[in-house]
Every structure is written in structure tokens, then in C-alpha cells.
2 protein chains.
Amino acid sequence: MSEGTPIGAGPGSPARVLGVDPGLAVTGWAVIEAGTPRPRLVASGVLRTRAREERSVRLHAITEGIAARIATHAPREVAIEQQFVAENVRSAMAIGEARAAAMIAAAAAGLPVHTYAPTVVKESVAGYGGAPKEQVREMVVLELALAEAPSPLDVSDAIAIALTRLAEARFDARLRASGRP
Amino acid sequence: MSEGTPIGAGPGSPARVLGVDPGLAVTGWAVIEAGTPRPRLVASGVLRTRAREERSVRLHAITEGIAARIATHAPREVAIEQQFVAENVRSAMAIGEARAAAMIAAAAAGLPVHTYAPTVVKESVAGYGGAPKEQVREMVVLELALAEAPSPLDVSDAIAIALTRLAEARFDARLRASGRP
């Protein structure tokens with residue numbers, strides 16, 4: 001199995017991953033496709049919700065927005081950032097709410113969800129778990145050979161999350177190909 | 001306007017509230033209808049999800065379960081318990097996730113969501129914000145003249161949350177009827 005082909009990807013059906021950096025106000029998303037010599041950025045953007053809307057309406061909008069991107073770009077898997085650190089209990093609950101909105105859209109489409117802590121994403125993409133977001137963005141630009149830097153940082157974060165999942169899938173595939181469990 | 005008729009309730013269309021006590025493993029729910037001399041319990045129960053399922057699948061099951069109760073019992077409003085206290089950041093995020101699953105179902109049905117802290121619910125139903133769940137259950141049994149006590153406690157909590165919303169709506173209606181803003 002070539003390095004650019006994650007588990008389960010057959011000829012003519014390149015593996016696509018939807019990466020999501022969930023937030024109540026701004027949710028970054030990106031669809032990445034496995035490929036050689038490098039993965040390809042299929043589409044990316046942000047979902048924004050308005051602070052004057054009810055929280056339930058904002059969360060529902062995130063679920064609907066992610067569901068629409070899944071319908072359009074047909075990813076096989078969804079990778080979501082899963083923070084475990086928050087300033088306080090209230091902000092932790094808000095983080096959990098936005099994350100749930102994205103997870104529910106994935107589950108509704110029958111897609112597996114992989115979650116990664118921010119430090120894991122930074123380690124995977126920038127080689128250092130404490131890398132600043134700007135450095136993650138630079139590495140994402142290099143990795144995908146992008147003509148310009150994704151903006152805002154929520155988008156480069158979503159790309160990095162998807163790339164982390166692709167890298168993990170390649171690693172799993174290599175382990176499997178080598179006959180180790 | 002009679003005391004048993006909340007805002008917006010016309011003849012032949014008694015106001016119904018769906019109360020939800022969200023939890024990843026067990027979500028209590030109850031539909032209450034305004035009425036004189038007392039509100040009526042229309043239906044209640046719990047949604048359970050399996051710990052061996054993916055978290056995204058469990059959250060989606062909560063959304064679907066609440067959506068199904070809304071479709072069956074046609075409440076006008078949804079009242080959800082909103083905790084602001086958690087043991088740690090991780091459990092706070094889990095609380096937020098389950099709450100989001102219920103809120104998303106309400107928003108998808110176009111229903112307004114009211115949230116109440118547990119102390120507010122206890123104050124409203126049992127007259128004391130520090131009341132234990134068993135006492136809340138006793139008061140719920142008296143308030144609705146139930147033949148037997150709801151079980152598990154997630155159900156009596158959900159009933160109490162719905163009753164809190166009904167009481168608030170009655171209070172609002174009385175204020176409005178008196179001409180005060």
C-alpha cells in the first residue's frame with residue numbers, strides 16, 4: 001500500500017477527511033483528500049453564528065453547516081479537535097456544546113469521528129506540541145503546497161486536524177502492511 | 001387570564017412544555033400540559049445510550065430521541081437543565097455535549113429553549129435551592145397528583161424542569177395582565 005493511500009482507500013476513491021475546529025461563534029472546516037506526492041485541499045471555510053441568536057439556534061446552525069459540507073464533499077471520516085483545557089467550567093461547557101454539534105452531524109451521516117487534542121495536532125503537523133497557530137499554518141501551507149495561507153486561523157487549524165487524521169491512517173496502514181498488530 | 005393558562009395558550013390548545021434533564025448515559029424527559037386545577041403529566045421517560053458506542057453516536061441518539069418526543073407530543077417549548085457546576089473541565093465538557101444534543105433537537109423543530117440552573121428548579125418546585133432530588137420528586141408527585149413516584153430520578157428532575165418553565169410563564173402572564181412591563 002502506497003504511503004499516500006490510507007486504510008480502506010481503493011483505486012478511484014481517494015480517502016477524504018473532513019477536519020473541524022468547532023467553536024460556538026466560528027467553526028473552521030476543511031476537506032482533505034489523500035494523494036501522492038501530497039494530500040490535496042478539496043475545500044475549506046468557516047461557519048459563523050450570530051451572538052444575538054439563541055444558543056440552541058447557533059448550535060443547530062453548526063450541525064446543519066457541517067451536515068451540508070458532508071453532503072457536498074462526501075468525506076469518509078470526520079476529525080474533530082478535542083480540547084481538554086478551558087479557562088473555567090462555563091467555557092468548558094461551551095466548548096463541549098460546539099463540539100457536540102459537529103459530532104452529531106458526523107454521526108447523522110454515519111461517519112466515524114476521530115478526536116485529537118490540540119497538542120497532538122501541533123505535534124503531528126508542526127513537530128512540536130506547543131507550536132503557535134501561526135506556525136501550524138505555515139506547515140499546512142508547505143504540506144499542501146498552497147498558493148496562499150488559509151485565513152482565518154480556524155481554517156488552518158481545521159486543515160491541520162484533517163492532516164493529523166491522514167497521517168495516523170498512513171501509520172496504521174504501514175503497521176498493518178508490516179504484519180504487526 | 002386564568003392562573004393555569006400560560007402565555008400564548010388559546011382555548012383548545014393547552015400549552016405543553018417538554019422538560020429535559022440531559023446526560024450522556026441517561027437523559028430524563030417529561031411533557032407537561034398546563035391545566036386547572038393543576039398541570040397534567042402527558043408522558044415521560046428516559047433515553048439511555050450505551051457506553052460502548054462512540055460518543056458521536058450517543059449524542060446523535062439523544063438528539064434523535066428528543067426529536068421523536070417532540071414529534072409525538074408536540075410541545076410548544078423546551079426547558080432544559082443547565083448546570084454551571086462540574087467536578088472538572090472534562091466532565092463540564094461532557095455536560096455541555098449532552099445539553100447541546102437536546103438543544104439541537106429543539107432548535108431543529110423551531111421550538112424556543114429555556115434553560116434553568118438546578119438551584120432555580122429546586123427553588124421553584126421544592127421551595128429551597130438546596131433540596132435533594134428525592135424531595136424534588138415528592139413535590140412533583142404532589143403538584144401533579146401522581147399515583148406513583150416517577151423513576152428514575154432523571155424523570156422527576158425532567159418533570160421539575162418543565163414545571164419550572166410553566167410557573168415562570170404563569171408569572172410572566174400575571175405581570176403582563178397587571179399592565180406592568
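In the block above lies the structure referred to throughout.
Everything in this summary refers to the structure shown in the same document. (Residues numbered from 1 in each chain as written. Chains lettered and ligands numbered in written order. Predicted model: local features only at pLDDT ≥ 70, side-chain atom pairs only at ≥ 80, totals over all residues. Heavy atoms only, no water.)

**Regarding the overall build of chain A**
For chain A, the helix and strand inventory stands at 5 helices and 5 strands. Over its C-alpha trace chain A gives a radius of gyration of 16 Å, about what one expects of a compact globule, namely 16 Å for 181 residues. Structurally, chain A occupies a C-alpha span of about 50 × 35 × 35 Å along its principal axes. Burial statistics for chain A: of 181 residues in total, 49% are counted as buried. Restricting to contacts in chain A with at least 6 residues of sequence separation, those with at least 24 account for 61%. Total accessible area on chain A is roughly 8400 Å²; 51% of this is exposed by carbon and sulfur atoms. (Helix = DSSP H or I, 4+ residues; strand = E, 2+ residues; numbered from the N terminus. Rg over C-alpha atoms; globule rule 2.2 N^0.38 Å. Buried < 20%, exposed > 50% of the residue type's maximum accessible area, 1.4 Å probe, protein only. Contact = heavy atoms within 4.5 Å. Areas by Shrake-Rupley, 256 points an atom, 1.4 Å probe, with all protein chains shown as cover.)

**A word on the sheet that holds strand 4 (residues 77-81) of chain B**
Residue and element names in this part refer to chain B. As summarised here, the arrangement of the 5 strands in space is 3-2-1-4-5, forming an open sheet in which the pairing is mixed. If you trace the sheet from one side to the other, it starts and ends with strand 3 (40-48) and strand 5 (113-116), each paired once. For this sheet the average axis-to-axis angle between neighbouring strands, irrespective of direction, equals 20°. The pairing of strand 1 (residues 16-21) with strand 2 (residues 26-33) spans 6 bridges and is antiparallel. Paired with Val17 across the bridge in strand 2 is Ile32. Helix 5 (residues 153-177) contacts strand 1, strand 2, strand 3, strand 4 and strand 5 of the sheet and is inclined by roughly 40° relative to strand 2. (Pairing = 2+ DSSP bridges. Axes fitted to C-alpha atoms, helices over the stretch in contact; angles between N-to-C directions.)

**Describing the packing of aromatic side chains**
Taken as a whole, this structure holds 0 aromatic pairs over all chains when the rule is applied. In this structure, Arg90(A) packs its charged tip against the face of Phe84(B), placed 4.0 Å from the ring centre. (Phe/Tyr/Trp six-rings, centres within 6.5 Å; stacked < 30°, edge-to-face > 60°. Lys NZ or Arg CZ within 6 Å of the ring centre and 35° of its normal.)

**Observations regarding the nonpolar core**
Side chains that are nonpolar tend, in soluble globular proteins, to be buried together. If you look at the biggest cluster of nonpolar residues, it comprises 45 residues, and the most contacted ones within it are Leu18(A), Ile66(A), Val78(A), Leu18(B), Ile66(B) and Val78(B). A total of 8 residues in this core trace back to one element, the largest contributor, which is helix 2 (residues 89-108) of chain B. (Core = buried A, V, L, I, M, F, W, Y, C linked by side-chain atoms within 4.5 Å.)

**A short note on the environment of Ala173(A)**
Residue and element names in this part refer to chain A. Considering the arrangement of structural elements, one finds Ala173 in helix 5 (residues 153-177). Relative accessible area serves as the criterion here: at 10%, Ala173 is assigned to the buried category. Along the backbone, Ala173 and Thr72 are 101 residues apart, and their C-alpha atoms lie at a distance of 27 Å.

**Observations regarding the relation of the copies chain B and chain A**
Of the transformation placing chain B onto chain A, the axial shift is 0.0 Å and the rotation is 180°, giving an RMSD of 0.0 Å. In the structure described here, the two chain copies are related by an operation that fits a two-fold rotation axis. The overlap is high: 100% of the interface residues of chain B also sit at the interface in chain A, so the same surface is used on both sides. (Least-squares fit on C-alpha atoms with pLDDT ≥ 70 in both.)

**Overview of the side chain of His114(A)**
All names here are of chain A. Positionally, His114 belongs in strand 5 (residues 113-116). Here Arg165 takes part through its side chain, which lies 3.4 Å from a polar atom of the side chain of His114. Ignoring sequence-local partners within four residues, the contact set of His114 consists of Glu77, Val78, Ala79, Ile80, Arg165 and Glu168. (Polar contact = N/O pair within 3.5 Å; in protein donor to acceptor, adjacent residues only side chain to side chain.)

**Digging into unusual backbone geometry**
Going from Ser151(A) to Pro152(A), the amide bond is cis rather than trans, its omega being -5°. Here Pro152(A) is to be found in the loop between helix 4 (133-144) and helix 5. Omega for the bond connecting Thr36(B) with Pro37(B) falls within 30 degrees of zero, at 5°, which places this linkage in the cis form. A positive phi angle is found at Ala145(A), which is not glycine, with a value near 50°. By the secondary structure assignment, Ala145(A) is in the loop between helix 4 and helix 5. A residue is classified by how much of its surface remains accessible, and Ala145(A), at 46% relative accessible area, is partly exposed.

**Describing the pairing of strand 4 of chain B**
Residues and elements named next belong to chain B. Buried residues dominate strand 4, accounting for 5 of its 5 residues. Going residue by residue along strand 4, you find Glu77, Ala79 and Glu81 tucked away on one face and Val78 and Ile80 tucked away on the opposite face as well. Judged from the 4 bridges that link them, strand 4 and strand 5 form a sheet pairing that is parallel. Each residue of the ladder has a partner; that of Val78, found in strand 5, is Val113. Once you follow strand 4 into helix 2 and on to strand 5, the crossover reads as right-handed. (Right-handed = clockwise from strand over helix to strand, strands pointing away.)

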